[in-house]
Amino acid sequence: MYKPLLLLFLLPLVFLVLFDAAPLEAGVSGKISGEVIDSRTGLPIVGATVRLAGTNIATQTDVDGEYFMINMPVGKCDLSVTFMGYKSITKQGVRVLVDLTTPVDFELNQQAVEIGQEIVVVATNPIVQLDQTESRVIFTADRLKDLPNITTVQSVLTNYPGVVVGRDDRLHVRGGRAGQVAYYYDGFSVQDPFYSSAGIRIMPSALEELSLTSGGYTAEYGEALSGVVSAVTRDGGPTFHGGIKVYEGATHPYDVNTGDWGGLKRTGNRSLAFNLSGPIVGMDPKRCTFFTAGEYLTDETSLPANGYDAYTWTAKVSAQPTPRVKLKSNFTYYDASGGAYTHRDVNGKSYDFNLDGLPVYEKKSHLLGLTGNYNFNESMIFSATVNTFKTRTWQGPPDLIDTYWDQWPGYSVDTATGDYNGTIDDDNYLGYYDHTNPYHVVGFTLGDDFYPTFHRRESKYTSVKASLLTQVNKSNQVKAGVEYRRYDVDWDSKQFFNDNPYGEKYSSKPLMVSAFLQDKLEYKDFVINVGLRLDHHNADISYNVTPRDAPLDTVARYVEAKSKSRLSPRLGVSFPIAEASVMHFNYGVYYQEPRFTYLYTNIQGDVTSGLPLLGNPDLEPEQTISYELGLDHLIGQDLRIDLTAYYKDIKDLATTRASLRDAATIITYFDNGDYGSVTGFDVQLEKLSLGGNFGGSISYGYMVATGNGSYATEPYYTFITSVEDTLAPVGEYPLDFDQRHTVTAVLSYRVPADWDGELFGLSLPGAWGLTTVGHYGSGLPYTPTDPFGNRLGDRNEGRLPASYTVDMRFSKDFAIGRSGYTLGLFTEVDNLFDRRNVINVYSRTGQPNNDGQQTGLGLAANEDELNQLLNLDRLHDQDPQNYSPPRTLRVGLEFTF
């Protein structure tokens, strides 16, 4: 019977060898605990059997009538209790959450009916989570399916207080920089270490649970200063379930010829997704299950030359070959390609009338993992994980993306010196300039020239992890783990903006080793999470220190980067202060290795380029110390209020500093010189539906995020563009993502299939729902400058206009007979009122469509030429990327069974 099962797991092992195996598995399971008592006497029932329905997982109550079940799969399950002389009872829809305890108590009635008859009730999941010692927002599958605008994980998380999407279109959590959020997919890290962003697409439609922990995450989680995103896909069960979802979209496309957005029209935005789960045919349905999901997504977006095609597929196989052993294999593949529209580059050049010259990209990622659990007994589980995550990205001109840069047309070198003497820059960027051509005068490129940059990067994680989870007693759970992770990274880039092209090429195999010890104490009056984490990093490379430490004519001296180790204590406490009120407090020290681009950029010490920037493999880990205090209180039976206050002290952030090496050369290098602080509070009021039709929430967040740098290369670019700000700031100022006020409102009205509503005496159909999400954010800061780029006033003294948007989703389900099949019709609208929120401005004017400069007007020979130049200047200033995306409509069908 188990030969086919063995083959299922041999295949992942072969892949592990071929792909050179993988990253860390974090929490993907939860705990259930409770008591079983006699409903008449209230006395505990000793020896009652508590079983997870449809599986072989079971336990028995102790002398106090209490029980616990650890390492339970995330999602909904049914729990049953049996005991001789009592009616059996099953609670349906028990929700298990990652790293949390779900209390489920039973009251049994003495047997008074025929044997075999049982009572079935729907479980009431806890409204106030007693053991939650951190700030965490949890989106379950039921909640996700009703939300609008959930095409990406980022769009889902922006509904949470303290989450800001900055002018860089990156996620900032509680005043943290971009890249300070760790992403876990089915417990495996899927981080791109070059940019500290998610390296794979996470399909919201395939998830059982999506959560963001923004404060107080336990010692099990590392490499994150601001938050941890955990996405867990569904598990298979003893019966088959699945679905197919399709939609077609429309939006308002931007027209480069008019500088305006057109009417609502179909632009090729469409998706086809499926999922299927159930038992593996021919095997025990209680022991061998699978889940698989896939998605094809294409979208031209509202911007020109910015469309993409993406394919994602994930599969999960779970098996229990023996009562004590459970195995699970995961595989996810992602393949995307598309355009990368930019209205104006760093030199003010625009490709709006030469869209074929803009770069395109290709990205491929895969995640493959194997996890094994061994149950010594019902209170001790050993886990071992090995997996691989690899991501590769290419970017370059459309016709040359598969061609190495030294094979591009126009590339050549001097045979004697090896120096570049080609014409790529002249042919495509600067040399073609014609002062009689109005397009060239204003700043537009024409013809068949292309943006002359080449970029390829690849990273692999290699990791093995082991952990031991033990329930010492019913109140004390201890977890310890260790991980060995080896990276294999390659970077190759080249840019031909002038006759001295600049490039980067390096390879390295940095090492990370971590260990943690976590103790969770759960008592009636309090819960304590206390832990300690150790992180060890080794950049595994030598670099040239001469340009920074000695005169430029000194012989290059290479040194080996030093290893770094850090200890991170974590503490979280929750305790009830009333029957329906829980307070929590947490304190934590968090470290994160700087992005690999900061470590490895220009490690050979090349200072021949005009503005040299040197990486630093000896950067120290960045640090955040966080404090948080919160209250979760139930008002009545269906109204909950959550208040949280927090403070973060941030230091050793990566930055760039300038150094004068001689009279003619200034060198900029990466250093740990930035710091900051964040203070804020969040208030959320939630109306619980509890079987009713209406539910919703409104949340308000206040935050002050200050520091001496918003991102690592800010001083570098400020030094280039300003003659005033040549030194790093010595005091804190509002950071680019300092959004002081945010408000999010979610309103949902849903009716069941047997709803008996009426309108003007006419019966209305049931099984439909309407959800709207409104979001308001105060203006982000920016630094006003004069026409020459010199700062006016203090840094980030200006503010963008406030932004607001409303998204909507309507769905209607149709039952197909009594088969359990359902056909759903849905309509989603992002930015319902087509609001053009300003998300960036020109620093000279504070406006999104006027850069304060008019180029070449004096060259006009007559009024027609003057009008043409004025119109081109308007189009050059009208940057569609300074505005939020326009209204987008999606209409689709979903079939489920």
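For every chain, the first residue of the written sequence is number 1, and numbering continues from 1 along that sequence. At least 70 in pLDDT is required for a residue's local features to be given in this predicted model, at least 80 for side-chain atom pairs to be given and counted, and no such filter applies to totals for whole chains, interfaces and linings, which use all residues. With hydrogens and water excluded, all non-hydrogen atoms of the structure serve as input to the side-chain values.

### What to know about the overall build of the protein
The condition that has to hold: Strands here are runs of E lasting at least two residues and helices are runs of H or I lasting at least four, both read from the DSSP assignment and numbered beginning at the N terminus. The atom set for the radius of gyration is the C-alpha atoms, and the globule formula is 2.2 Å times the number of residues raised to the power 0.38. Here's how the labels work: a residue is buried when its accessible area is under 20% of the maximum for its type, exposed when over 50%, partly exposed in between, all with a 1.4 Å probe on protein chains only. Note on definitions: a residue-residue contact is assigned when non-hydrogen atoms from the two residues lie within 4.5 Å. All accessible areas in this document rest on Shrake-Rupley with a 1.4 Å probe, and a residue is counted as covered only by the protein chains that are shown.
Across its full length, the protein holds nine helices and 51 strands. Computed over the C-alpha atoms, the radius of gyration of the protein is 29 Å, within 12% of the 29 Å expected from 2.2 N^0.38 for a compact globule of 897 residues. Dimensions of the protein, computed from the C-alpha atoms along their principal axes, are close to 100 × 75 × 55 Å. Every one of the 897 residues in the protein was classed for burial, and the buried ones make up 55%. A fraction of 69% describes how many contacts in the protein between residues 6 or more apart in sequence connect residues 24 or more apart. Carbon and sulfur atoms make up 56% of the accessible area of the protein, which totals about 38100 Å².

### With respect to the side chain of aspartate 879
Let me state the cut-off plainly: Charge convention: Lys and Arg are scored as positive, Asp and Glu as negative, and His as well as the terminal groups of each chain are ignored. By salt bridge we mean one thing: a side-chain nitrogen of Lys or Arg within 4 Å of a carboxyl oxygen of Asp or Glu.
With respect to the helices, strands and loops of the structure, aspartate 879 is situated in the loop between helix 9 (863-877) and strand 51 (888-896). Within the buried set, aspartate 879 has no salt-bridge partner at all; the shortest N-O distance to an opposite charge, 6.3 Å, is to arginine 344. Setting aside its immediate chain neighbours within four residues, aspartate 879 contacts His343, Tyr842 and Pro848.

### As for the nonpolar core
Here is the rule: Only buried residues count toward a nonpolar core, which is a set of Ala, Val, Leu, Ile, Met, Phe, Trp, Tyr and Cys residues joined through side-chain atoms within 4.5 Å.
The biggest cluster of nonpolar side chains holds 58 residues, and the ones touching the most others in it are Phe139, Leu157, Tyr185, Leu210, Val229 and Tyr600. Looking at which element gives the most residues to this core, the answer is helix 7 (residues 596-600), with four residues. Beyond its immediate sequence surroundings of up to four residues, leucine 157 is in contact with Phe139, Val163, Leu171, Leu210, Leu212 and Val229. Membership of the second largest hydrophobic core comes to 30 residues, among which are Val98, Val228, Trp261 and Ala705.

### A closer look at the confidence of the model for the protein
In plain terms, the rule: What pLDDT expresses is the predictor's confidence in each residue, scored from 0 to 100.
This prediction gives the protein a mean pLDDT of 89; 93% of its residues lie at or above 70. Between residues 1-25, whose pLDDT stays under 50, and residues either more than four places distant or in other chains, the model counts 75 contacts.

### Some remarks on the state of the cysteines
Which entries qualify depends on this criterion: Throughout, disulfides are identified as pairs of cysteine sulfur atoms within 2.5 Å of each other.
What the rule picks out here adds up to zero disulfides. Here cysteine 77 stays unpaired: no disulfide links it, and the sulfur of cysteine 288, its closest cysteine neighbor, is 20 Å away. Residue class for cysteine 77 comes out buried when judged on its relative accessible area of 13%. You can call cysteine 288 buried: its relative accessible area is 0%.

### A closer look at unusual backbone geometry
One non-glycine residue, aspartate 99, lies in the positive phi region at around 65°. Tracing the sequence through the fold places aspartate 99 in the loop between strand 6 (88-96) and strand 7 (101-103). Despite not being glycine, aspartate 186 has its phi angle at roughly 55°, a positive value. Positionally, aspartate 186 belongs in the loop between strand 13 (181-185) and strand 14 (188-189).

### Notes on the environment of glycine 777
The topology assignment puts glycine 777 in strand 46 (residues 768-777). The spacing of glycine 777 and arginine 640 is 137 residues in sequence and 23 Å in space, taken between C-alpha atoms. Glycine 777 has contacts with Gln739, His741, Thr742, Ala802 and Ser803, leaving out every residue within four places of it along the chain.

### Notes on the pattern of salt bridges
Pairing is possible between side chains that carry opposite charge, provided their charged atoms lie close to one another. With the rule as written, the count across this model stands at 42 salt bridges. The shortest N-O distance in the salt bridge between arginine 174 and glutamate 628 comes to 2.6 Å. Taken as a pair, arginine 174 in the loop between strand 12 (171-173) and strand 13 and glutamate 628 in strand 38 (residues 622-635) lie far apart in primary sequence, 454 residues in all. There is no split in this pair, since arginine 174 and glutamate 628 are both buried. Between arginine 890 and aspartate 830 there is a salt bridge, and its shortest N-O distance comes to 2.9 Å. One end of the pair, arginine 890, is in strand 51; the other, aspartate 830, is in strand 50 (residues 821-830), with 60 residues separating them in the sequence. In this structure arginine 890 comes out as buried when scored by relative accessible area, which is 2%. On the accessibility criterion, aspartate 830 (11% relative accessible area) is buried.

### A look at the environment of isoleucine 603
Tracing the backbone through its elements, the reader meets isoleucine 603 in the loop between helix 7 and strand 37 (613-614). A residue is classified by how much of its surface remains accessible, and isoleucine 603, at 10% relative accessible area, is buried. For the pair formed by isoleucine 603 and proline 801, sequence separation is 198 residues and the distance between their alpha carbons is 42 Å. Leaving out residues up to four positions away in the same chain, isoleucine 603 has contacts with Tyr506, Ile541, Ser542, Tyr543, Asn544, Tyr558 and Pro617.

### So, the sheet that holds strand 17 (residues 207-215)
Cut-off, in case you're wondering: Being paired, for any two strands, means DSSP has found at least two bridges between them.
The strand order across the open sheet built from five strands is 10-17-18-13-14, with neighbouring strands paired in mixed fashion. Of all the strands in the sheet, just strand 10 (135-140) and strand 14 have a single pairing partner and so form its edges. Pairing of strand 10 with strand 17 involves six bridges; the strand directions are antiparallel. When the sheet's bridge partners are listed, valine 137 is paired in strand 17 with leucine 212.

### Quick notes on the pairing of strand 31 (residues 511-522)
Summarising the sheet, strand 29 (residues 476-495) and strand 31 pair through eleven bridges and their orientation is antiparallel. Bridged to valine 478 within strand 31 is aspartate 519. Looking at chain direction, strand 31 and strand 32 (residues 527-538) are connected through twelve bridges and run antiparallel. Each bridged residue has a counterpart across the sheet, and for lysine 520 the counterpart in strand 32 is asparagine 529. Taking the residues that link successive antiparallel strands as the turn, the strand 31-strand 32 hairpin has four residues.

### Quick look at the packing of aromatic side chains
Describing an aromatic ring pair means giving the distance of the ring centres and the angle of the ring planes. We apply this condition: Between 30 and 60 degrees the pair is tilted, below 30 it is stacked and above 60 it is edge-to-face, where a pair is any two Phe, Tyr or Trp rings, Trp via its six-membered ring, whose centres lie within 6.5 Å. Look at NZ for Lys and CZ for Arg. If either is within 6 Å of the ring centre and within 35 degrees of the ring normal, a charge sits over the ring.
Across all of its chains, the model carries 46 aromatic pairs by this definition. Between tyrosine 217 and tyrosine 590, the aromatic rings sit 4.5 Å apart at their centres with planes inclined by 40°, giving tilted as the arrangement. You can see tyrosine 217 sitting in the loop between strand 17 and strand 18 (227-233) and its partner tyrosine 590 sitting in strand 36 (residues 581-592), a full 373 residues away along the chain. The burial state of tyrosine 217 is the same as that of tyrosine 590; both residues are buried. Between tyrosine 374 and phenylalanine 376, the aromatic rings sit 5.0 Å apart at their centres with planes inclined by 85°, giving edge-to-face as the arrangement. Clustering of aromatic rings is evident, with ring pairs tying together Phe194, Tyr195, Phe389, Tyr461, Tyr487, Trp491, Tyr506, Phe596 and Tyr600. We note arginine 174 situated over the ring of tyrosine 646; from NZ or CZ to the ring centre the distance is 4.1 Å. The residue whose ring lies beneath lysine 812 is phenylalanine 814, and the NZ or CZ to ring-centre distance is 4.2 Å.

### With respect to helix 9
Because each turn of an α-helix spans 3.6 residues, side chains separated by three or four positions end up pointing in the same direction. This is how it is decided: To estimate how far a helix should reach, multiply one less than its number of residues by 1.5 Å. In protein, a polar contact means a hydrogen-donor-capable atom and an acceptor-capable atom, both N or O and within 3.5 Å, with residues adjacent in sequence counting only if both atoms are side-chain atoms; elsewhere, any N or O pair within 3.5 Å suffices.
For helix 9, which comprises 15 residues, the first-to-last C-alpha distance of 21 Å matches the rise-based estimate of 21 Å (1.5 Å per residue) to within 8%. Listed as buried for helix 9 are Leu869, Leu872, Asp873, Leu875, His876 and Asp877. Summarising the contacts, the buried residues of helix 9 are in contact with helix 5 (438-442). Where helix 9 begins, the capping side chain belongs to asparagine 862, and its oxygen is found 3.1 Å from the backbone nitrogen of aspartate 864.

### Here we look at the pairing of strand 46
Across ten bridges, strand 43 (residues 741-751) lies against strand 46 in antiparallel orientation. Across the sheet, the residue bridging to alanine 745 is glycine 774, located in strand 46. The pairing of strand 46 with strand 49 (residues 803-816) spans ten bridges and is classified as antiparallel. Residue tyrosine 776 lies in a different strand from strand 49, and its bridge partner there is tyrosine 804.

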